[in-house]
Amino acid sequence: MSKEVELNKLKEECNNCQKCILGSTRTNIVFSDGNPNAKILLIGEAPGADEDATGTPFVGRAGKFLSKLIEESGLSRKDDFYICNTVKCRPPENRVPTDEEKALCENYLLSQIKTVNPKVIVLCGATSAKSFLGKKIKISEIRGKWFKIFDGIDAMVILHPSFLLRKHSEDEGSPRWLTKEDLKKIKEFIEQ
Ligand code: SF4
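Here is a short report on the structure shown in this document. (Residues numbered from 1 in each chain as written. Predicted model: local features only at pLDDT ≥ 70, side-chain atom pairs only at ≥ 80, totals over all residues. Heavy atoms only, no water.)

### Considering the environment of Ile 121
Its place among the elements puts Ile 121 in strand E4 (residues 120-124). As a C-alpha pair, Ile 121 and Val 157 span 36 residues in sequence and 8.6 Å in three-dimensional space. The contact partners of Ile 121, leaving out residues within four places of it in the chain, are Leu 41, Ile 43, Ile 113, Ile 149, Phe 150, Ile 153, Asp 154, Ala 155 and Met 156. (Helix = DSSP H or I, 4+ residues; strand = E, 2+ residues; numbered from the N terminus. Contact = heavy atoms within 4.5 Å.)

See below:
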């Protein structure tokens, strides 16, 4: 079965899923965006209002800013990334998804990772990073560092674009500058 067929099947399962409470309030499942053959799989926290309305991850203001940073780092969002979230349905009022909701949704994410089989996973933002690296991590201390997650897949944490929208400086050492440097490191890694 091709990756596209497998992922479509999985998306259909999500469309019918009511395993957690988020299923009762969603407008659309937010399954993925990008290229199933990409070397980079990016995991964000959860869909927001724009994502819930369109069914596509990272399409709101923060998502557009992430796309801009990706392109400025020499990568292509459309070709180099497969993008998804820790949960497929929007938490009401954009609250952080609970541990239970993430656990109930995890099998879908694991199947996506297994099918896409990326060279690197990017954990975007603190909630995503804490889900896989433990609740005690401090994102400011671990962003830009390499980790191994799941069955030894290389992973890097980057700052979330909604945080970066509140930090306007582009100066060397600023959060925006650091994020672009992190994306450039990821680009070098996939080109090795
Ligand atoms: S968040 Fe995941 S587990 Fe919960 S209803 Fe949506 S698809 Fe199902």
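So much for the structure itself; the text now carries on.
### Let's talk about the side chain of Arg 26
Its location among the elements puts Arg 26 in the loop between helix H1 (3-15) and strand E1 (33-34). Comment: no salt bridge for buried Arg 26; closest opposite-charge side chain is Asp 52, at 7.1 Å. A distance of 3.0 Å separates a polar atom in the side chain of Arg 26 from the backbone oxygen of Asn 15. (Buried < 20%, exposed > 50% of the residue type's maximum accessible area, 1.4 Å probe, protein only. Lys, Arg positive; Asp, Glu negative; His and termini not counted. Salt bridge = Lys/Arg side-chain N within 4 Å of Asp/Glu carboxyl O. Polar contact = N/O pair within 3.5 Å; in protein donor to acceptor, adjacent residues only side chain to side chain.)

### Details of the side chain of His 160
For His 160, the location among the structural elements is in the loop between strand E6 (153-158) and helix H8 (161-164). A distance of 2.8 Å separates the side chain of His 160 from the side chain of Ser 162, its partner in a polar contact. Leave out the neighbours within four places in its chain, and His 160 touches Phe 58, Cys 124 and Gly 125.

### Some points on the pattern of salt bridges
Tallied over the entire structure, the rule returns 14 salt bridges. Note that Asp 79 is salt-bridged to Lys 78, the shortest N-O span being 3.4 Å. Owing to a relative accessible area of 62%, Lys 78 belongs among the exposed residues under this scheme. The salt bridge partner of Glu 191 is Lys 187, with a shortest N-O separation of 3.1 Å. Linking Glu 191 with Lys 187, this pair stays in helix H9 (residues 175-191), spanning 4 residues, or about one helical turn. Overall, the relative accessible area of 54% leaves Glu 191 in the exposed class. Here the salt bridges do not stand alone but share partners, grouping Lys 68, Glu 72, Glu 170, Arg 176 and Lys 180 into one network.

### Quick word on the environment of Gly 125
Topologically, Gly 125 is positioned in the loop between E4 and helix H6 (126-133). Spatially, the C-alpha atoms of Gly 125 and Phe 163 are 8.4 Å apart, while their sequence positions differ by 38 residues. In this structure Gly 125 touches Ile 139, Ile 158, Leu 159 and His 160, once residues within four positions along its chain are discounted.

### Describing the sheet that holds E4
Here we have 6 strands laid out as an open sheet, ordered E1-E3-E2-E4-E6-E5, and mixed in their pairing. Of all the strands in the sheet, the pair left with one neighbour each is E1 and strand E5 (146-149). Relative to strand E3 (residues 81-85), E1 runs antiparallel, the two being bridged by 2 bridges. Bridging across to E3, Gly 34 finds its partner in Tyr 82. (Pairing = 2+ DSSP bridges.)

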